[in-house]
Number of protein chains: 2
Amino acid sequence: MTTLLDVARLADVTTATVSNVLRDRGRFSARTRARVLEAVAQLQYRPHLTARALAEGRPPTIALMVSSIANPFYPEFALAAERAARRDGYFLIICNTNDDADVGQAYFDQIGGTLSEGILIMNSALDVDALYRGHGDGSPVVLCMWERPDRAPTLPCVAVDFFLAGRLAAAHLLELGHRRIGAIVGSARHGIHAARYEGFCQTLREADIAGFADDVRFTDDSIQGGHGAAQSLLRANPALTAIFATNDLPALGAVYAALDMGRAVPDALSVIGITDIRLARESRPALTTIAVPTAAAADLAVALLRELIRDADMTDSTLRVAPAPRLVQRDTTGIRRA
Amino acid sequence: MTTLLDVARLADVTTATVSNVLRDRGRFSARTRARVLEAVAQLQYRPHLTARALAEGRPPTIALMVSSIANPFYPEFALAAERAARRDGYFLIICNTNDDADVGQAYFDQIGGTLSEGILIMNSALDVDALYRGHGDGSPVVLCMWERPDRAPTLPCVAVDFFLAGRLAAAHLLELGHRRIGAIVGSARHGIHAARYEGFCQTLREADIAGFADDVRFTDDSIQGGHGAAQSLLRANPALTAIFATNDLPALGAVYAALDMGRAVPDALSVIGITDIRLARESRPALTTIAVPTAAAADLAVALLRELIRDADMTDSTLRVAPAPRLVQRDTTGIRRA
DNA sequence: ATGAAAGCGCTAACAC
DNA sequence: GTGTTAGCGCTTTCAT
């Protein structure tokens, strides 16, 4: 390992000067600068990031907690977050909680403030508030993809109006003439996708569509979950002409289930999701969905986190709202035929 | 921030003792232990991981370099790697290189040996050897998912026999009676998927299938890439009855392209991929593919990295081979009808 | 313009 | 059993 001291000796200066040159601070002559740089090159010196972090009192990393990086939505967010973080000189540590509170707490306790300077938290089934409280002198935290801009949480967050997304989805189906619409919620009843479902319900209610309350299934956020839920829905009520899912993965699952059951999509069943993950566009039939500004949200989240890092007791304007969701019509929704 | 010293003062011992108690080393009486633990609890003390890392001379993290975490294969690997790493007490830092050599080098230089104790590298288009050499006194590196177990690279690695995977895919198609088979390679001609294509070609050659040399397209590892390649292939040679893709994503793209062109799968076109990502099983039609032991490879990779960390100049048996790929037949391949 | 020296919070010899 | 002390490699006042 070659250290600052090695460089200093070779360049015949002290570590302070080397440090200054390297970080372009303080004063030094052009000559020393050259000598130092040469020594650095010659010795292939690279700063010890851990040592620097300790001396500076801040690590060069921020963490991203997700329930499972294997859910294809998260990588899309993570990619954007990583780019944003890197732009600001941070490395991104990705933590899978698996929605396990203990794991989440462990991550929180271990990385917050010491290994990483701040924590981005993706919407998760965990009670983040509780985690955060247990966490004491926390380093800053921002909730990403909060679902209800109108209901600000305790913690700083960037919100996406998923309630509106639910409404848009319902409105689209109504417009196409659908009246019997099933719903698949990719979380527990009062879980993270609740707002989306509420938005959906409200719009149906406003259109005086009743009696759909039984046509809902709660499952996990996956193709498989959506597949099972759709089968159940369709078997229980074959008269359904459309299905709304609170996320693209279960929506895709619903499409595949319909196909498996011999119902053409969209002719015999319309399906709409929320998010617009890449797969929504690339799958066949391509999924109609309510697109959500993933990358924008990631950028906002990193920016907010930075502000919180800079100003620890910033307490105002700690809620950022990402651009509104919008309909992306593709090939899984059509006019009601039945 | 509460430090070891705070705890020590409250418990009326020295930092050394606190450190010992916390890490269960050295000797201490049950009474002091209790006092220390109480002080820790009372002050909500949590160790400063950066300070510890500096003192111990090793950071608690390992890094995973991937070209893009948005490719759905990587998260599956990353998830397994993260679990394995955590089991060993490490955090996982995920780095997207975007297949950009400069970014890769930057990551290498910055995290290797200082921020992370070792680096896992996913198969990438980068010349890792070169990066590694440029990297000087590197911390250990292991290449994950090396494609040719029979051709050991300079660097430590865990290999998966992708040449065999290519052969298996070809064999399967031949068995179903296919003779005119197109190929989609999810990388540049001599890129990372070359071995898979070579295996495929060799098996065809052994079966005396000739003249297929033009029926190949090189593209990127995505559904979209496969879609375009398949369109091109099918237009140039409508007589093709099957398509082999070196990865599941392009294979799926080929399936969707066939569908878009009105060719039923598998009746009018069989398609096979390699990897068996989750989507392969969940998409419709479910993709026939050559399954590759992703999680096992991740476990092996982390284990190998740990050995290298422990024994810096270990040089033997630095090549680990993951279990063999195997055919998973699903719904995109069938007997040749045409 | 450069050097000396005191930490950052922790671990690890070694002494008592 | 517990305390003392010297670092880990770097940054950062403060002298000079």
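Residues numbered from 1 in each chain as written. Chains lettered and ligands numbered in written order. Predicted model: local features only at pLDDT ≥ 70, side-chain atom pairs only at ≥ 80, totals over all residues. Heavy atoms only, no water.

An unreviewed UniProt entry lists chain A under the name LacI family DNA-binding transcriptional regulator, from Robbsia betulipollinis.

Caption draft 1: Structural detail: the pairing of strand S2 (residues 91-96) of chain B. Residues and elements named next belong to chain B. Taken across its 6 residues, S2 has 6 buried, putting it largely inside the fold. Burial along S2 is two-sided: the face carrying Phe91, Ile93 and Cys95 and the face carrying Leu92, Ile94 and Asn96 are both buried. Bridge count between strand S1 (residues 61-66) and S2: 6 bridges; the pairing is parallel. Bridge pairing in S2 places Ala63 opposite Ile93. Crossover handedness for the path S1 to helix H5 (residues 73-87) to S2: right-handed. (Buried < 20%, exposed > 50% of the residue type's maximum accessible area, 1.4 Å probe, protein only. Helix = DSSP H or I, 4+ residues; strand = E, 2+ residues; numbered from the N terminus. Pairing = 2+ DSSP bridges. Right-handed = clockwise from strand over helix to strand, strands pointing away.)

Caption draft 2: Broad picture of the sheet that holds strand S6 (residues 181-185) of chain B. Residues and elements named next belong to chain B. Strand order in the open sheet formed by 6 strands is S7-S6-S8-S9-S10-S12, with mixed pairing between adjacent strands. Looking at strand neighbours, the two that pair on one side only are strand S7 (216-218) and strand S12 (326-328), the edges of this open sheet. Between one strand axis and the next, the sheet turns by 20° as a mean value, whatever way the strands run. Sitting on the sheet, helix H9 (residues 194-206) is in contact with S6, S7, strand S8 (242-245) and strand S9 (270-275), with an inclination near 165° to S6. Together, S6, S8, S9 and strand S10 (288-291) form the strand contacts of helix H11 (residues 248-260), whose direction differs from that of S9 by roughly 165°. (Axes fitted to C-alpha atoms, helices over the stretch in contact; angles between N-to-C directions. Contact = heavy atoms within 4.5 Å.)

Caption draft 3: View of the sheet that holds strand S9 (residues 270-275) of chain A. Residues and elements named next belong to chain A. An order of S7-S6-S8-S9-S10-S12 is seen for the 6 strands of this open sheet, with the pairing classed as mixed. Each of the sheet's edge strands pairs with one partner strand only, and the pair in question is strand S7 (216-218) and strand S12 (326-328). The average angle at which neighbouring strand axes cross in this sheet is 20°, direction not considered. Summarising the sheet, strand S10 (residues 288-291) and S12 pair through 3 bridges and their orientation is antiparallel. Across the sheet, residue Ile290 finds its bridge partner in S12, namely Leu327. Each of strand S6 (181-185), S7, strand S8 (242-245) and S9 touches helix H9 (residues 194-206); the most contacted strand, S6, lies at about 165° to it. Strands in contact with helix H10 (residues 223-236) are S6, S7 and S8; relative to S6, the strand with the most contacts, it is inclined by about 150°.

Caption draft 4: Focus on the side chain of Thr289 of chain B. Residues and elements named next belong to chain B. One can find Thr289 in strand S10. Taking the relative accessible area as the measure of exposure, Thr289 reaches 0% and is therefore buried. Among the polar contacts made by the side chain of Thr289, one reaches the main-chain carbonyl oxygen of Gly273 at a distance of 3.1 Å. Ignoring any residue separated from it by four or fewer positions in sequence, one finds Thr289 in contact with Asp248, Ile272, Gly273, Ile274, Thr275, Asp276, Arg326, Leu327, Val328 and Arg330. (Polar contact = N/O pair within 3.5 Å; in protein donor to acceptor, adjacent residues only side chain to side chain.)

Caption draft 5: Examining unusual backbone geometry more closely. Note that the residue after Val265 of chain B, namely Pro266 of chain B, is joined by a cis bond; omega there is 10°. Of note, Pro266 of chain B is situated in the loop between H11 and S9. Residue Pro285 of chain B is bonded to the preceding Arg284 of chain B through a cis peptide linkage, with omega at -10°. Examined against the element boundaries, Pro285 of chain B turns out to sit in the loop between helix H12 (278-282) and S10. Unusually for a residue other than glycine, Gln44 of chain A sits at a positive phi of about 55°. Checked against the element boundaries, Gln44 of chain A lands in the loop between helix H3 (30-43) and helix H4 (49-56). In the Ramachandran plot, Asp276 of chain A falls in the positive-phi region, its phi being about 65° despite a non-glycine side chain. When you line up the elements, Asp276 of chain A lands in the loop between S9 and helix H12 (278-282).

Caption draft 6: Representation of the pattern of salt bridges. Residues and elements named next belong to chain A. What the rule picks out here adds up to 30 salt bridges over all chains. For Arg306, the salt bridge is made with Asp88, and the minimal N-O distance between the two is 3.3 Å. In this pair, Arg306 sits in helix H13 (residues 294-310) while Asp88 sits in the loop between helix H5 (73-87) and strand S2 (91-96), placing the two residues 218 residues apart along the sequence. Arg306 sits in the partly exposed class, given a relative accessible area of 25%. (Salt bridge = Lys/Arg side-chain N within 4 Å of Asp/Glu carboxyl O.)

Caption draft 7: The arrangement of the nonpolar core in detail. With 155 residues, the main nonpolar core has Phe77, Leu120 and Met145 of chain A together with Phe77, Leu120 and Met145 of chain B as its most contacted residues. The residues contacting Met145 of chain B, other than those within four sequence positions of it, are Phe73, Phe77, Met122, Asn123, Val158, Val160, Phe162, Val292 and Ala297 of chain B. (Core = buried A, V, L, I, M, F, W, Y, C linked by side-chain atoms within 4.5 Å.)

Caption draft 8: Broad picture of the relation of the copies chain B and chain A. Rotating chain B by 180° about the axis while translating it 0.1 Å along that axis superimposes it on chain A, leaving an RMSD of 0.1 Å. What we have between these two chains is a two-fold relation. Taking the C-alpha atom as reference, chain B places Ile93 of chain B closest to the rotation axis, 2.2 Å from it. Mapped onto chain A, 100% of the interface residues of chain B again fall at the interface, so both copies present the same surface. (Least-squares fit on C-alpha atoms with pLDDT ≥ 70 in both.)

Caption draft 9: Layout of the pairing of S8 of chain B. Residues and elements named next belong to chain B. What you see with S8 is no split at all: Ala242 and Phe244 on one side and Ile243 and Ala245 on the other are buried throughout. Relative to S8, S6 runs parallel, the two sharing 4 bridges. Bridge pairing in S8 places Ile181 opposite Ala242. Examined bridge by bridge, S8 and S9 share 3 bridges and lie parallel to one another. Looking at the pairing, Ile243 lines up with Val271 of S9. Crossover connection from S8 via H11 to parallel S9: handedness right-handed.

Caption draft 10: Main features of the domain arrangement of chain A. All names here are of chain A. Here chain A is partitioned into domain 1 (4-45), domain 2 (55-160 + 294-324) and domain 3 (162-291). On a C-alpha basis, the centroid separation for the pair domain 2 and domain 3 is 29 Å. Contact with domain 2, which involves 14 residues of that partner, is made by 14 residues of domain 3. Around 1,100 Å² of area is buried between domain 2 and domain 3 when both sides are counted, 57% of it from carbon and sulfur atoms. Sorting the residues of domain 2 by area buried against domain 3 places Glu76, Glu147 and Arg148 first, and these three jointly supply 46% of that buried surface. One can count 3 salt bridges joining domain 2 with domain 3. Across the pair Arg196 and Glu147 runs a salt bridge whose closest N-O atoms are separated by 2.7 Å. Breaking the side of domain 2 that touches domain 3 down by element, the ones donating at least two residues are H5 and strand S4 (141-146). Here the side of domain 2 that touches domain 3 is composed, by residue class, of 7 nonpolar, 3 polar and 4 charged. (Domains from an automatic or database assignment. Buried area = accessible area lost by both parts, 1.4 Å probe. Nonpolar A, V, L, I, M, F, W, Y, C, P; charged D, E, K, R; others polar.)

Caption draft 11: Local environment of the packing of aromatic side chains. Applying the stated criterion across every chain yields a total of 10 aromatic pairs over all chains. Between Tyr107 of chain A and Phe91 of chain B, the ring centres sit 5.7 Å apart and the planes meet at 45°, which makes this aromatic pair tilted. On the criterion of chain membership, the pair formed by Tyr107 of chain A in helix H6 (residues 101-111) and Phe91 of chain B in strand S2 is interchain, its members lying in two chains. According to the relative accessible area criterion, Phe91 of chain B is buried, its value standing at 3%. Taken together, a centroid distance of 6.1 Å and an interplanar angle of 85° make the contact between Tyr197 of chain A and Phe218 of chain A edge-to-face. Taken together, the positions of Tyr197 of chain A in helix H9 and Phe218 of chain A in strand S7 put the pair 21 residues apart, joining distant regions of the chain. With relative accessibility at 12%, the residue Tyr197 of chain A sits in the buried group. Residue Phe218 of chain A is classed as partly exposed on the basis of its relative accessible area of 27%. (Phe/Tyr/Trp six-rings, centres within 6.5 Å; stacked < 30°, edge-to-face > 60°.)

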